[in-house]
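Residue-level structure breakdown
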Amino acid sequence: MIRIAQPFIGDEEREAVLAVLDSRRLAAGPKTRELEEIFARDVSGTREAVAVANGTAALHIALLAHDIGPGDEAITTPFTFQATANMILATGARPVFVDVREDGNIDPDLIEAAITPRTKAILPVHLYGRLCDVDAINSIAQKHGRALIEDAAQAHGATLGGRAAGSFGTGCFSLYATKNIMTGEGGVLTTNDSALAGRMRRIRSHGESERYSSSELGFNYRLTDIAAAIGVVQLGRLAGFTEARRRNAEYLSAHLRGVITPPPAVERDAHVWHQYAVRVTGRDALIDWLQQRGIESAVHYPRALPDHPLYRDLGYDGADYPVACQLAREVLSLPVHPGVSGSDLDQIVEAVNAWAESRRGEPLAAHE
Ligand SMILES: *Cc1c(COP(=O)(O)O)cnc(C)c1O
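Residues numbered from 1 in each chain as written. Predicted model: local features only at pLDDT ≥ 70, side-chain atom pairs only at ≥ 80, totals over all residues. Heavy atoms only, no water.

A few words on the site of the ligand. Around the ligand there are 16 residues in total, and G55, T56, D151, S174 and K179 lie nearest to it. Taking D151, its side chain carries an N or O atom lying 2.7 Å from a nitrogen atom of the ligand. For the ligand, an oxygen atom lies 3.0 Å from a polar atom in the side chain of K179. Within the complex, 92% of the 380 Å² of free accessible area of the ligand lies under protein. Every element with two or more residues in the shell around the ligand is listed here: α3 (55-65) and α4 (83-90). Among the elements that line the shell around the ligand, the one with the most residues is α3, at three residues. When the residues that make up the shell around the ligand are grouped by side-chain class, the tally is six nonpolar, eight polar and two charged. (Near = heavy atom within 4 Å. Polar contact = N/O pair within 3.5 Å; in protein donor to acceptor, adjacent residues only side chain to side chain. Areas by Shrake-Rupley, 256 points an atom, 1.4 Å probe, with all protein chains shown as cover. Helix = DSSP H or I, 4+ residues; strand = E, 2+ residues; numbered from the N terminus. Nonpolar A, V, L, I, M, F, W, Y, C, P; charged D, E, K, R; others polar.)

To continue, consider helix α8 (residues 283-292). For an α-helix, the turn length of 3.6 residues means that residues three or four places apart are oriented alike. Listing the buried residues of α8 in full gives R283, L286 and L290. All buried residues of α8 project into a common sector of 60 degrees when viewed along the axis, lining one side. Projecting away from the buried face of α8 at angles above 90 degrees are the exposed residues D284 and Q292. Directly after α8, the chain includes G294, whose backbone phi takes a positive value near 80 degrees. (Buried < 20%, exposed > 50% of the residue type's maximum accessible area, 1.4 Å probe, protein only. Arc of directions from axis to C-beta.)

As paired elements, strand β2 (residues 73-76) and strand β3 (residues 94-97) share four bridges and run parallel to each other. Residue pairing in the sheet places T76 in a bridge with F97 of β3. Of the crossover connections in this fold, the one passing from β2 over α4 to the parallel β3 is right-handed. (Pairing = 2+ DSSP bridges. Right-handed = clockwise from strand over helix to strand, strands pointing away.)

That bond from H300 to Y301 is cis: its omega, 15 degrees, falls within 30 degrees of zero. Residue placement: Y301 occurs in the loop between α8 and α9 (309-312). Positive phi, close to 65 degrees, is recorded for Y128, a residue that is not glycine. In this structure Y128 comes out as buried when scored by relative accessible area, which is 8%.

Split by domain assignment, the protein resolves into domain 1 (11-235) and domain 2 (238-358). On a C-alpha basis, the centroid separation for the pair domain 1 and domain 2 is 24 Å. Domain 1 puts 39 residues into the contact, and the matching count from domain 2 is 36 residues. Both faces considered, domain 1 and domain 2 share a buried interface measuring about 3,100 Å² in area, 60% of it formed by carbon and sulfur atoms. Of all residues in domain 1, the largest losses of buried area upon contact with domain 2 belong to Y128, R130 and N180, amounting jointly to 24% of the total for that side. (Domains from an automatic or database assignment. Contact = heavy atoms within 4.5 Å. Buried area = accessible area lost by both parts, 1.4 Å probe.)

What follows is the structure, encoded as structure tokens:
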């Protein structure tokens, strides 16, 4: 079976974990600080990086550190993993969804109309590892004096004009097992604002300004040194992983027929291909067809956030976000990770093209 995701674990990861176990320093310690230093230098290019328990915690901390709470609004995308908007709810604020473009990222042209006096932040996602139109969004945030928080959970190392995901605003990364680099569970916050970084470190650990003295509400959102040790090794592999993902994506786009392939990135470096999502009609039949031929695929995501029961109960409705709903019906992620070999790629291409051939004449997708 060609898996849709497959964490790479080599001897160096194994040895790094054993070394931490032998050191008896298991909670946040020297490995966590090492991870933060390397991440800030090599991934986000920011002054600061703050390692946390997971990407969801990173989002929660970022929102709290920007003083977002009850009565506030944060503008975000309806087409993402639910953690993005759920953490806005967790602060007591209200997510305001703005529809996406055909590439899956939030449409900057719709953002200004959604800004109200209550808007505190704009929280775009770099979906599938593709940088959103972050220059345009950043100008809107600056013009209106709103915070920019980037959900970069899928975008480690994506850059535009030499600037990396997580360096335009406050960056929130995930190191979950299936992300481009991973620690099992883990996350990282990035910023150039040292005071903000200090506050995020405090919120990570009970809001403590000194030991056993909380100056504000915080949590235990720390990473372990066991996980950080894996992350330090993975950071050394990131450039190679990303190059493999780009090669795989380019091969698929050059050879797939009968499906709508993802639009190319504005610059090659602006996409790190966390997912390679094609668009099709009759998606369920293709999923089964691929499964029967030993190829795993996945849908990211089968419904827009406003159509989750949680959001329906709060009065949201997916029908207000037609592009997100269209994508939710049509997207299908194919294996693109560094563990996908050349012969795997050929197998994927052959299977998809044979399926397309078998239904020739039917529309590829509703929007072409
Ligand atoms: C993975 C992911 C998260 C959450 O990260 P976790 O580490 O799983 O908590 C948030 N947003 C997006 C877009 C993600 O892909």
